[in-house]
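A closer look at the structure
Below, each chain spelled out in residue letters.
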Amino acid sequence: MIELQAASHAEERSKPVLNQHNAQDRALWLPQVQRVFPLSFEISGEHRHPARPAQPVGVVYQRHIPWLQQTLSFRVADIDAHLPHFHRWMNDPFVAEFWEEEGSLDYHRSYLERLGADPHSIPLIACLDERPIGYFEVYWAKEDRISPFCDATDFDRGWHVLIGEADCRGKAFVSAWLPSISHYLFLDDHRTHRLVIEPRSDNQRMRRNLQRSGYSLLGEFDFPHKRAVLGALPRQRFFDEQFWSPR
């Protein structure tokens, strides 16, 4: 028993902890550190933007969460492994109230296939240890529908989220995943100097969570399908004010 406890404590000490010295050390948090994709430009629709790298596979970010005693990871969605979870989450009334993407298994398979083939976005599954708990869509803002509303620059990133497992909602979990998704996107490409987000304007819980995590709410605007509020987080504020550490 003593040997097992000693091993457990040693393992705990080996897990990286965010601090001012290592918060921007990509190798500690990104299992697949890639060289920065070279800069060239292309046109998609009406948008001239940098060419984007191919979508990664597998785990792209991981972080030990001491207050949950679990490891949070973001993994590129694998349709075979994750479709049943995604399908169930999207048909959960709590999720559907904001996402409005209920549908059949085939519909949700096509949804993930479309995102997987789109170079401007990456569908991610959030896991605690090995348990899938939620879904994130991260995207390059320059070629996204948000672009004209936020004056997007070449490397701005944005994200959407749903937490599908009801027992993984609440403050302890938000304080794990919200700083982490911001941290991942700033580390993924050092040229990303701002994150943007556009939740539904009446989502008061999300508005409060964003503000606690460093995002400024800059105003409301209309999409064809919803009234949205624009949130933005500058890179310098995130690291200077240590928003990688939950408030």
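Anyway, here's the lowdown on the structure attached to this text. Note that the structure is predicted; figures quoted are calculated from it, not measured.

1. Observations concerning the packing of aromatic side chains
Applying the stated rule across the entire model yields 18 aromatic pairs. Plain terms: the ring middles of Phe149 and Phe223 are 5.3 Å apart, the flat faces sit at 90° to each other, and that makes the pair edge-to-face. With a gap of 74 residues between them, Phe149 in helix 6 (residues 147–150) and Phe223 in the loop between strand 9 (216–222) and strand 10 (227–234) connect regions that are remote in the sequence. For Phe149, a relative accessible area of 36% gives the class partly exposed.

2. A look at the pattern of salt bridges
All told, the structure shown has 17 salt bridges when counted by the stated rule. Between Arg75 and Glu130 there is a salt bridge, with its nearest N and O atoms 3.1 Å apart. One end of the pair, Arg75, is in strand 4 (residues 70–76); the other, Glu130, is in the loop between strand 5 (121–128) and strand 6 (131–140), and 55 residues separate them in sequence. For Glu130, a relative accessible area of 62% translates into the label exposed. Close ionic contact of Asp189 with Arg191 constitutes a salt bridge, the shortest N to O distance being 2.9 Å. Its relative accessible area of 6% is what places Asp189 among the buried residues. Several salt bridges converge on common partners, so that one network encompasses Arg88, Arg131, Glu165 and Asp167.

3. Looking at the side chain of Arg200
Within the secondary structure layout, Arg200 lies in the loop between strand 8 (194–197) and helix 8 (204–212). Reaching out from Arg200, the side chain makes a polar contact with the backbone oxygen of Glu97 at a distance of 2.8 Å. Every residue in contact with Arg200, bar those within four places of it in the chain, is listed here: Glu97, Phe98, Glu100, Lys226, Arg227, Ala228 and Val229.

4. A word on the nonpolar core
Phe74, Leu124, Phe136, Trp159, Trp177, Ile181 and Tyr184 are the most contacted members of the largest nonpolar core, which totals 42 residues. It is helix 7 (residues 171–188) that contributes the most residues to this core, ten residues altogether. Leaving out residues up to four positions away in the same chain, Trp177 has contacts with Leu72, Phe74, Phe136, Trp159, Val161, Ile163 and Met206. Formed by 15 residues, the second largest nonpolar core is a distinct cluster that contains Val95, Tyr111, Ile125 and Tyr135.

Rules of the game
- Chains are numbered independently. Their residues run from 1 in the order of the written sequence.
- A pLDDT threshold of at least 70 governs which residues receive local features in this predicted model, and a stricter bar of 80 or more applies before side-chain atom pairs are shown or counted, although totals over entire chains, interfaces and linings include all residues.
- To obtain the side-chain values, all non-hydrogen atoms of the structure were used and water was disregarded.
- Between the rings of Phe, Tyr and Trp (Trp by its six-membered ring), a pair exists once the centres lie within 6.5 Å; its type follows the angle of the planes, with under 30 degrees stacked, over 60 edge-to-face, and the other angles tilted.
- Every helix listed is a DSSP run of H or I at least four residues long, and every strand listed is a run of E at least two residues long, numbered separately from the N terminus.
- Burial here depends on accessible area, computed with a 1.4 Å probe over protein chains only, as a share of the maximum for the residue type. Under 20% is buried, over 50% is exposed, and the range in between is partly exposed.
- Whenever Lys or Arg places a side-chain nitrogen within 4 Å of a carboxyl oxygen from Asp or Glu, that contact is recorded as a salt bridge.
- Within 3.5 Å is the distance limit for a polar contact, defined as a pair of N or O atoms, with the added protein rule that one can donate a hydrogen and the other accept it, and that residues adjacent in sequence qualify only through two side-chain atoms.
- Residue contacts follow a heavy-atom distance rule, with two residues in contact if any of their heavy atoms lie within 4.5 Å.
- By convention a nonpolar core is built from buried Ala, Val, Leu, Ile, Met, Phe, Trp, Tyr and Cys residues, the set being connected through side-chain atoms within 4.5 Å.

All we've got here are geometric facts, nothing functional implied.
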